[in-house]
Number of protein chains: 2
Amino acid sequence: MKSFDKSLEIETEEEGNAQKQENNSEASHNVTPLLLDSWKPYKGTRANVKGQLLKLRDCLESVCGIQWYGFATLGILTAVLSFLMDFSVAKLLQAHLWLYGKLEGHILLQFLCWTLYPACICAFASSFSHNICPFSTGSGVPEVRTMLSGIEVPHYLSLTNMFTKFLGLTCTLAAGSTVFLGKVGPFVHLSTMLGAYLDRLCRLIQGKKKDAGTEMMVVAAAVGVASCFGAPVSGVLFSVEVMSSHFALRHYCPCFFSAACGGLTFHLLSVWSRDGETLQALFKTNFPTATPFFPLEILLFALLGLLCGAGSRFYLFCHRWILKFTKTNRVFLTMLTTEKGLYSGLVVFFLALLTFPHSAGQYLASKCTTKQLLTSLLDSRQWSSQSHNASVRLELDSLEWSSSGAPIFLSLAFFLLMKMWMLVLACTLPLPAGYFMPVFFGSPVKTEILRVRHDLFHGAAAFSGAVTHTLSPALLAVELTGQVTHAVPALLSTLLANALARSRNGLSFYDGLSISKKLPHLPSLKKACPQLPSTPLGQVMGVKSVQLQKAAGPAEVQSAVSNSSEAQIPVVDSHGMQRAVDIHALY
Amino acid sequence: MKSFDKSLEIETEEEGNAQKQENNSEASHNVTPLLLDSWKPYKGTRANVKGQLLKLRDCLESVCGIQWYGFATLGILTAVLSFLMDFSVAKLLQAHLWLYGKLEGHILLQFLCWTLYPACICAFASSFSHNICPFSTGSGVPEVRTMLSGIEVPHYLSLTNMFTKFLGLTCTLAAGSTVFLGKVGPFVHLSTMLGAYLDRLCRLIQGKKKDAGTEMMVVAAAVGVASCFGAPVSGVLFSVEVMSSHFALRHYCPCFFSAACGGLTFHLLSVWSRDGETLQALFKTNFPTATPFFPLEILLFALLGLLCGAGSRFYLFCHRWILKFTKTNRVFLTMLTTEKGLYSGLVVFFLALLTFPHSAGQYLASKCTTKQLLTSLLDSRQWSSQSHNASVRLELDSLEWSSSGAPIFLSLAFFLLMKMWMLVLACTLPLPAGYFMPVFFGSPVKTEILRVRHDLFHGAAAFSGAVTHTLSPALLAVELTGQVTHAVPALLSTLLANALARSRNGLSFYDGLSISKKLPHLPSLKKACPQLPSTPLGQVMGVKSVQLQKAAGPAEVQSAVSNSSEAQIPVVDSHGMQRAVDIHALY
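Residues numbered from 1 in each chain as written. Chains lettered and ligands numbered in written order. Predicted model: local features only at pLDDT ≥ 70, side-chain atom pairs only at ≥ 80, totals over all residues. Heavy atoms only, no water.

Draft legend 1. How the structure looks around the overall build of chain A. Within chain A, the regular secondary structure consists of 26 helices and 3 strands. Burial status across chain A gives 57% buried among its 587 residues. Considering only contacts within chain A whose residues lie at least 6 apart along the sequence, 76% involve residues at least 24 apart. (Helix = DSSP H or I, 4+ residues; strand = E, 2+ residues; numbered from the N terminus. Buried < 20%, exposed > 50% of the residue type's maximum accessible area, 1.4 Å probe, protein only. Contact = heavy atoms within 4.5 Å.)

Draft legend 2. Structural view of the pattern of salt bridges. All names here are of chain A. Counted according to the given criterion, the structure contains 6 salt bridges over all chains. One salt bridge in this structure joins Lys183 and Asp86, with 2.7 Å as the shortest N-O distance. Here Asp86 lies in helix H5 (residues 66-102) and Lys183 lies in the loop between helix H8 (159-174) and helix H9 (184-206), a separation of 97 residues in the sequence. The partly exposed category is assigned to Asp86, whose relative accessible area is 31%. (Salt bridge = Lys/Arg side-chain N within 4 Å of Asp/Glu carboxyl O.)

Draft legend 3. The arrangement of the packing of aromatic side chains in detail. Evaluated as defined, the whole model comprises 35 aromatic pairs over all chains. Seen from their ring centres, Tyr100 of chain A and Phe356 of chain A are 6.5 Å apart, and the 85° between their planes marks the pair as edge-to-face. Of this pair, Tyr100 of chain A sits in helix H5 while Phe356 of chain A sits in the loop between helix H15 (340-355) and helix H16 (370-377), and the two are 256 residues apart along the sequence. By relative accessible area, which is 3% here, Tyr100 of chain A ends up buried. Relative to Tyr510 of chain A, the ring of Phe509 of chain A lies with its centre 6.0 Å away and its plane at 85°, an arrangement referred to as edge-to-face. For the residue pair Phe509 of chain A and Tyr510 of chain A, the accessibility class agrees, reading buried in each case. Taken together, the aromatic side chains of Tyr100, Phe111, Trp114, Phe349 and Phe356 of chain A make up a single cluster linked through ring pairs. It is Lys183 of chain B that lies over the ring of Phe187 of chain B; its NZ or CZ is 5.2 Å from the centre. (Phe/Tyr/Trp six-rings, centres within 6.5 Å; stacked < 30°, edge-to-face > 60°. Lys NZ or Arg CZ within 6 Å of the ring centre and 35° of its normal.)

Draft legend 4. View of helix H11 (residues 232-243) of chain A. Residue and element names in this part refer to chain A. An ideal rise of 1.5 Å per residue puts 16 Å on 12 residues; H11 measures up with 16 Å between its terminal C-alpha atoms. The element H11 is extensively covered by neighbouring structure, given that 12 of its 12 residues are classed as buried. Inspection of H11 places Pro232, Val233, Ser234, Gly235, Val236, Leu237, Phe238, Ser239, Val240, Glu241, Val242 and Met243 among the buried residues, and these make up the whole buried set. (Expected span 1.5 Å × (residues − 1).)

Draft legend 5. Local environment of the packing of helix H6 (residues 107-132) of chain A against H8 of chain A. Residue and element names in this part refer to chain A. Running from N to C, H6 and H8 point in directions that differ by 165°, and their axes come no closer than 8 Å. The angle between H6 and H8 places the two elements in the roughly antiparallel class. Two packed elements cross with a definite hand, and for H6 against H8 that hand is left-handed. Packed against H6, whose contacting residues are Tyr117, Ile121, Phe124, Ala125, Phe128, Ser129 and Ile132, the element H8 presents Thr160, Phe163, Thr164, Leu167, Gly168, Cys171 and Ala174 at the interface. For the contact of H6 with H8, the per-class residue count stands at 10 nonpolar, 4 polar and no charged. (Axes fitted to C-alpha atoms, helices over the stretch in contact; angles between N-to-C directions. Parallel < 35°, antiparallel > 145°, perpendicular 65-115°, else oblique. Left-handed = near helix turned anticlockwise from the far one by under 90°. Nonpolar A, V, L, I, M, F, W, Y, C, P; charged D, E, K, R; others polar.)

Draft legend 6. Looking closely at the packing of H11 of chain A against helix H12 (residues 252-273) of chain A. All names here are of chain A. Look at H11 against H12: their axes get within 9 Å of each other, and the N-to-C directions meet at 140°. By the angle between their directions, the pair H11 and H12 is classed as oblique. Considering only the axes of H11 and H12, their crossing is right-handed. Contacts between H11 and H12 pair Pro232, Val233, Val236 and Ser239 from the former with Cys255, Phe256, Ala259 and Ala260 from the latter. The residue makeup of the contact of H11 with H12, split by class, is 7 nonpolar, 1 polar and no charged.

Draft legend 7. How the structure looks around the side chain of Ser227 of chain A. Residue and element names in this part refer to chain A. Within the secondary structure, Ser227 is located in helix H10 (residues 215-229). Take Ser227: its relative accessible area is 0%, and that puts it in the buried class. Excluding residues within four positions of it along the chain, Ser227 makes contact with Gly75, Thr78, Ala79, Ser82, Gly262 and Phe266.

Draft legend 8. Up close: the nonpolar core. The biggest cluster of nonpolar side chains holds 226 residues, and the ones touching the most others in it are Met243, Phe256 and Tyr315 of chain A together with Met243, Phe256 and Tyr315 of chain B. Ignoring any residue separated from it by four or fewer positions in sequence, one finds Met243 of chain A in contact with Val141, Val144, Arg145, Leu148, Val188, Ala221 and Phe238 of chain A. (Core = buried A, V, L, I, M, F, W, Y, C linked by side-chain atoms within 4.5 Å.)

Draft legend 9. Summary view of the UniProt feature "transmembrane region" (unreviewed entry) in chain A. Residues and elements named next belong to chain A. Feature annotation in UniProt places "transmembrane region" (unreviewed entry) on residues 66-85, 105-125, 166-188, 216-240, 252-273, 293-316, 337-356 and 408-435, given in this structure's numbering. Along residues 66-85, the helical share is 100% and the strand share 0%, with 28 Å between the first and last C-alpha atoms. Note that residues 105-125 is 90% helix and 0% strand, and that its end C-alpha atoms are spaced 31 Å apart. (UniProt positions renumbered as here; feature names shortened; annotations may be inferred.)

Draft legend 10. Spatial organisation of a nonpolar patch on the surface. Side chains of Ile107, Leu108, Leu109, Leu112 and Leu116 of chain A sit close together on the surface and give an oily, nonpolar patch of about 450 Å² of accessible area. Its place among the elements puts Ile107 of chain A in helix H6. (Patch = residues over 30% accessible without salt bridge, like charges linked within 9 Å, V, L, I, M, F, W, Y side chains within 5 Å. Areas by Shrake-Rupley, 256 points an atom, 1.4 Å probe, with all protein chains shown as cover.)

Draft legend 11. Structural context of the environment of Gly434 of chain B. Residues and elements named next belong to chain B. With respect to the helices, strands and loops of the structure, Gly434 is situated in the loop between helix H18 (408-426) and helix H19 (436-448). Measuring from C-alpha to C-alpha, the distance between Gly434 and Thr137 comes to 9.9 Å, with 297 residues separating the pair along the chain. Gly434 has contacts with Ser139, Leu181, Gly182, Lys183, Gly185 and Pro186, leaving out every residue within four places of it along the chain.

Draft legend 12. Region of the structure containing the confidence of the model for chain A. All names here are of chain A. Scored by pLDDT, chain A comes out at a mean of 72, with 65% of its residues at no less than 70. Taken together, the stretch residues 286-290 has pLDDT below 50 and engages in 16 contacts with residues farther than four places along the chain or on a different chain. Low pLDDT, under 50, characterises residues 576-587; the predicted model gives this stretch 32 contacts beyond four residues in sequence or across chains. Note on the complex model: pTM 0.77, ipTM 0.75. (pLDDT = per-residue confidence, 0-100.)

Draft legend 13. Local environment of the state of the cysteines. Residues and elements named next belong to chain B. Counted under the stated rule, the structure contains 0 disulfides over all chains. Of the cysteine sulfurs around Cys133, a residue in no disulfide, the closest is that of Cys171, at 15 Å. Judged by relative accessible area, which is 6%, Cys133 ranks as buried. (Disulfide = S-S within 2.5 Å.)

Spelled out as structure tokens, the structure:
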């Protein structure tokens, strides 16, 4: 039965190209047992092929360890997945707009098309992911953090989950700016699942039977972000920041290698899919390089950082409130436990009602995709002067920021307020979805109102950094726009926003999700939220590991020392009242 | 006596501005003991002042912890030091060239001016640093690494050392492109010393008596690089990579905060010292942004990475050979132990002989400073087409790459070969000096010979990354030139160069220095060089810590458990034959 499962896995995996050789090597590894099955045909041919494949494996291993091929494959495959998803989403959005355009003049049909399309898609995504793999909803980042802290979370790394998450996320993104959710978090989860699978594969090829390490998972977290945007450096920093409380240097090179492979593949695929384009920054801006900013503007950036920090606290408060509300309100609770599809459909219908271009949607630029909006916002043309941005000028003309004739800043303020509570509502949807990008996006609008030059850029970094308690958004903004001269002020804004967001033990977005999902919490959470229940140490360390009680008798200690092959033995207060100590201190 | 020392320290420190308030707060902390000294005058006034200062301290603490002021001060002061050094060095170099120019026509006088000026400066630096603080020579990075791994290295963090190192390094840099050494390494050391001092100060203000943590040191390592170039991100990554085998996330925000402060101060000082300039990249290039590079060029970048990796192995071999040679050859050994000043003077005289503009120097562009050379090389104008670089066009005209009329590529090849062995020789000088920047610089020349477009950029990153076994040079190149679209290929080149350099347990530059200096080695070294002697664990852990022998009797174990207040007790094979276990596992 086990070997059947394995062959099934191999067949499933063969859809992912670029690793055929590894599959074959894997098959070849079990050469002796297979030859024993005398009833199988073509014994000689198979033996020959297997011999060749074994040679290939040795040849590959002579260049570098098999795990390095795994890291490269992980990066490339994640980037391919990311590109495929972008491609499908773009087509689905195009189809929606095409249909909407065709129905011009029939306002009722247009209304139905506008509202039912995303509602149906989201309802489908919700039911599908609930029925196939209920663990695929949400962003997945809190679960990955829990796994990286050494706690096993079953079913979260299965291939079924990966398939469900990929399809569900495509549907969520296809709902467009109505639902307004992102893809970063789920991609971290997707790449972790891919990483876990490749890790198993590598260990099979190497013939090792030892347990899975966390190496591939740490790498996968970096690759997820890197492949989403082709931004390897911020990907690695995100992995360092979000994932655990310590970062081992031996993961550093694999992380960068895999992220660079992923980023490169993503860029190359973008280039090859659109003729004439080259390897540019994803959201190209043409800020004046001669005078990036003036020294005194730094004070404004600092102020902006503080404002974003305050805004993030308010946003997080709203988010936690609605998470609590959906868990306590009986109507919501019933809907969310029994009728996920219906709930998603209704909420998205309601949101689409608001963004309908003939109603409030005319103030919300609702016909644009999230990417178009972001491009337009990062363009820094101050909304009145001509565009610095060369590559997207054509797209910009179609943006409807001021189609209603209302003043642009009033329109933006309205946009911000609406999007904020709509996003909070959208976060309750039981769908595979990311919450980072909307936050990254929501913030530029807010800061534009301040009319600071380039503040979009800094605001985006500062606000999303404050919400997630990370600094990598500053770098992400630099990598996305290619404005390296703005790295220092962006970093400064993000740091100040973070300081405000973290003050008085403020919880990050992911911490909030972890608590809401009742996941075994990380040491950072314990500090921020002392009223949380402790997880016994034994549950974390597994059964086999030897512990010493503080009040242990001589015989007990003697046996512990002689039984343990470890260099260190943890000393706990008592077996009964163990506290959750810093798990990473044990590695 | 102790209080006298303290007041002396305070007086010394008062030269460093921007932290007067902290000094005062420190003094005010000991308010009660001072009031007891009834013979001191103005008791009432002093008490009043101290009361105010205590209030100020509480006021500061109410915003954020005192250590954050320490981090900010560290960044700002290091940047100020870096700027001051750049300023003095520029003046000294200018004076040299002015004198040389005035002597035009008197070739003997010109020769003496050219050779004796750097020789005297270096001889002075060598004798001075030897006599005042012999620990100030070299780069200091290996010692900082040792300290960060938890081993105390006495005298390396004293203020005397800091003063000596600063003056010595200024002299070394003032010798210009003849000696061709850098400032990164010593600046890491300088900022570590400053950090250790500020750490003591912060703990005094807070009234804590606990031992110094490594936090300020980790931060200081990041600040050193960030302040040298105003490149905060690569500074932090350098600190992550070089300093230890694990990186604790609680150091992450302090590192970025301090590095951002340092980078910002450095940029602002540069702006304010030269009118009309704004906050640009340090070595501005104008690579065409529309077509940064073509997809197939990536293969060339990969090839370049491999070439740089091979080159770095050769360079490291030469470097280790000469380090060994100077330790075994009797003439060198006698010179280096007794007549450091004379040795430095002679070697620099010899080097200056070669770079004399009327001899071989005409092929070596020896009249240019290191910074001018770097600017010219990163300019990527392919040596024949017109310059992409707007800001340095004027300087470029004065560069003498082809003054001799010889073909430019022959000239470059000659330049490379000469600089390579001259650099290896210069590395033996007993001076405070950095070895990173010359390596970063030496590589573009090499790769220019390949005529790959922009390869300078990638070559610089790949070669210096390979020599030091780090990836941060890729990011440093991006930050220095502001070319973020080149991040991915630069990362790729650096990764491949690293892979080649690390293969077969290759030692990094810093590992080589650590071994040559017989420093207690890091776990990474142990893996690469198994024949190294082990350091007993007890020496590392100090006397107080409790250990358990594997074969300990019950009584011994009982006492160990009851005596220790730690959560873990290390178990060693035996007290006599302890092996140097991974020190970081104990943190």
